[in-house]
Amino acid sequence: MDPTSQIIVALDCDSRAAADALVEQLGDECRVYKVGLELLTAAGPDVIKDLVARGKEVFLDLKLFEIPHSVAGAVRAAGALGVSMITVHGMGGSGIMSAAVEAAREFPGMRVLTLTVVTSMSDADLTDIGVGDTVDEQVLRLARLAQKAGCHGVIASPQDVAVLRRALGPDALIITPGVTLSGESPADHARPGTPHAAITAGASRVVVGRTVTRAANPVTAFRVVRASLTP
Ligand code: C5P
């Protein structure tokens, strides 16, 4: 995959106007956007339709955790909008994951990804919610469960990528958020790494948010990330 398509820019914006301004600024540089709960709630589904109409690929990151019937409905609704990747929460178990995979079959090319453990969580956070395993063990457990349920891939922190690539094999899609360029402060990332390190370790794509979206010049920042991925 070419470096441009390996970069997914997270449109973590609180309004349609802010999202449009960024997409306009990035123009042809960026081809893939992540839409999450904030923007979807603030702007509604038209933001997705319009991105697709502009030729962009959309990763809808809703981390679905509901009864399987409702998850399937949400996946179908996303597919109808033209979404090409969607996330479910692995903590919801196999039922949710299989329901999402089954629903996505109606939309050729749509991929279901499982979030294992959010990158801001530590072993202590897992203990707090009654999970006795370490983050590493839980990530691997949920990733294997996701693969068994037919999911196309997982979301993985930079530091989990290598282990997951070995465990899931070459065909799994591994998408890595929580990345920062070297020299940047790791913000709220508990297990950070650079985009280059993530791709080198086996990630298929990286999600880059504030590094690009809060930069004084998002186009320059995007190019810096892309250059860091160019062999
Ligand atoms: O930190 P950044 O702005 O690059 O975040 C981009 C995306 O990465 C966010 O939309 C969020 O979903 C994800 N992220 C994450 N874990 C974090 C921080 C961000 O999964 N600790």
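Refer to the structure presented above.
Here, residues in each chain are numbered from 1, in the same order as that chain's written sequence. Local features are withheld for residues below a pLDDT of 70 in this predicted model, meaning they are given only at 70 or higher, and side-chain atom pairs are given and counted only at 80 or more; totals for whole chains, interfaces and linings count all residues. Note that the side-chain values use all heavy atoms of the structure and ignore hydrogens as well as water.

**Here's the deal with the pattern of salt bridges**
To keep things clear, this is the line we draw: When a carboxyl oxygen of Asp or Glu lies within 4 Å of a side-chain nitrogen of Lys or Arg, that pair is called a salt bridge. The numbering of helices and of strands both runs from the N terminus, where a helix is a DSSP run of H or I of at least 4 residues and a strand a run of E of at least 2. Burial status follows relative accessibility: with a 1.4 Å probe on protein chains alone, a residue under 20% of its type maximum counts as buried, one over 50% as exposed, and anything between as partly exposed.
Taken as a whole and judged by the stated rule, the model has twelve salt bridges. Residue Lys-49 pairs with Asp-46 through a salt bridge whose shortest N-O separation is 4.0 Å. Within this pair, Lys-49 and its partner Asp-46 are both found in helix α4 (residues 46–53), separated by three residues, close to a single helical turn. A relative accessible area of 43% places Asp-46 in the partly exposed class.

**Re unusual backbone geometry**
A positive phi is found at Lys-63, a non-glycine position, where the angle reads about 45°. Within the secondary structure, Lys-63 is located in strand β3 (residues 57–64). Taking the relative accessible area as the measure of exposure, Lys-63 reaches 29% and is therefore partly exposed.

**A word on the packing of helix α8 (residues 135–148) against helix α9 (residues 161–168)**
Rules: Note on definitions: angles span 0 to 180 degrees between N-to-C directions of axes, and those axes are lines fitted to C-alpha atoms, for helices only across the stretch in contact. Helix crossings get a hand from a simple test, with the near helix turned counterclockwise from the far one by less than a right angle marking a left-handed crossing and a clockwise turn marking a right-handed one. Pairs of residues are marked as contacts when any of their non-hydrogen atoms sit within 4.5 Å. All amino acids are sorted into three groups, where Ala, Val, Leu, Ile, Met, Phe, Trp, Tyr, Cys and Pro are nonpolar, Asp, Glu, Lys and Arg are charged, and the leftover types, Gly among them, are polar.
In the contact formed by α8 and α9, the axes pass within 10 Å of each other and the chain directions differ by 35°. For the pair α8 and α9, the crossing hand works out as right-handed. Contacts between α8 and α9 involve Val-139, Leu-140, Ala-143, Arg-144 and Gln-147 on the former and, on the latter, Val-163, Leu-164, Ala-167 and Leu-168. Taken together, the residues of the contact of α8 with α9 break down into seven nonpolar, one polar and one charged.

**Brief notes about the environment of Tyr-33**
Mapped onto the secondary structure, Tyr-33 falls in strand β2 (residues 32–36). By relative accessible area, Tyr-33 is classed as buried at 0%. A C-alpha to C-alpha distance of 20 Å links Tyr-33 and Cys-151, two positions 118 residues apart in sequence. In contact with Tyr-33, not counting residues within four places along its chain, are Ile-8, Val-9, Leu-11, Leu-22, Val-23, Leu-26, Leu-51, Lys-56, Glu-57, Val-58 and Phe-59.

**Quick word on helix α6 (residues 94–104)**
Taken residue by residue, α6 has Ile-96, Met-97, Ala-99, Ala-100, Val-101, Ala-103 and Ala-104 as its buried positions. Buried residues belonging to α6 abut β3, α5 (68–81), β4 (85–89), β5 (111–115) and α8.

**Observations concerning the pairing of β4**
Put simply, the rule is: The criterion for strand pairing is that DSSP finds at least two bridges linking the strands in question. Handedness of a crossover: with both strands directed away from the viewer, a clockwise path from the first strand across the helix to the second marks it as right-handed.
Counting buried positions along β4 yields five of five residues, so the element is predominantly enclosed. A two-sided burial pattern is seen for β4, the buried positions comprising Met-85, Thr-87 and His-89 on one face and Ile-86 and Val-88 on the other. The sheet contact formed by β3 and β4 spans three bridges and is parallel. Across the sheet, Leu-64 pairs through a bridge with Val-88, a residue of β4. This β-α-β element, β3 to α5 to β4, shows right-handed connectivity. Where β4 meets β5, five bridges bridge the pair, whose relative direction is parallel. Its bridge partner lying in β5, Thr-87 is registered against Leu-113. As for the winding sense of the linkage, the β-α-β connection from β4 through α6 to β5 is right-handed.

That is the geometry; function is a separate question.
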